[in-house]
Amino acid sequence: MNENWKPVSWHCLNCGSIVTGYRDSKGTVKVKCSVCGAVMYSKPMGRRHDRIDIFAPCGQERIS
């Protein structure tokens, strides 16, 4: 099985710090922010559409 993991970086949508994750063979990325603890999932929906789901840590709410 050939697994090609590619690094992907973007700004945390909750606090603004830079986060880095790895894109797997299906194109999904799971990232946890080291500053605010938010977990983000990025999933390609189509050729020009990506969906990013953001989850706050247990017991906390979103900042923005």
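Residues numbered from 1 in each chain as written. Predicted model: local features only at pLDDT ≥ 70, side-chain atom pairs only at ≥ 80, totals over all residues. Heavy atoms only, no water.

Draft legend 1. Fine view of the environment of F55. If you trace the backbone, F55 turns up in strand β5 (residues 50-55). C-alpha of F55 to C-alpha of K32: the two residues are 23 residues apart in sequence and 9.4 Å apart in space. Setting aside chain neighbours within four positions, we find F55 in contact with A38, V39 and Y41. (Helix = DSSP H or I, 4+ residues; strand = E, 2+ residues; numbered from the N terminus. Contact = heavy atoms within 4.5 Å.)

Draft legend 2. Broad picture of the pairing of β5. Here strand β4 (residues 39-44) runs beside β5; their pairing, made up of 6 bridges, is antiparallel. Bridge assignment links K43 to a residue of β5, and that residue is R51. Hairpin remark: β4 followed by β5, antiparallel, with 5 residues in the connecting loop. (Pairing = 2+ DSSP bridges.)

Draft legend 3. Main features of the pairing of strand β1 (residues 6-11). The sheet contact formed by β1 and strand β2 (residues 18-23) spans 6 bridges and is antiparallel. What sits directly across from W10, in β2, is V19. Between β1 and the antiparallel strand that follows it, β2, lie 6 residues; G16 among them carries a positive phi value of about 95°.

Draft legend 4. Main features of a nonpolar patch on the surface. Among the surface-exposed residues, L13, I52 and I54 lie close enough to one another that they form a single nonpolar patch of about 230 Å² accessible area. Topologically, I52 is positioned in strand β5. (Patch = residues over 30% accessible without salt bridge, like charges linked within 9 Å, V, L, I, M, F, W, Y side chains within 5 Å. Areas by Shrake-Rupley, 256 points an atom, 1.4 Å probe, with all protein chains shown as cover. Salt bridge = Lys/Arg side-chain N within 4 Å of Asp/Glu carboxyl O.)

Draft legend 5. Just the side chain of S42, in detail. As for its position among the elements, S42 is in strand β4. Residue classification places S42 among the buried positions, given a relative accessible area of 5%. (Buried < 20%, exposed > 50% of the residue type's maximum accessible area, 1.4 Å probe, protein only.)

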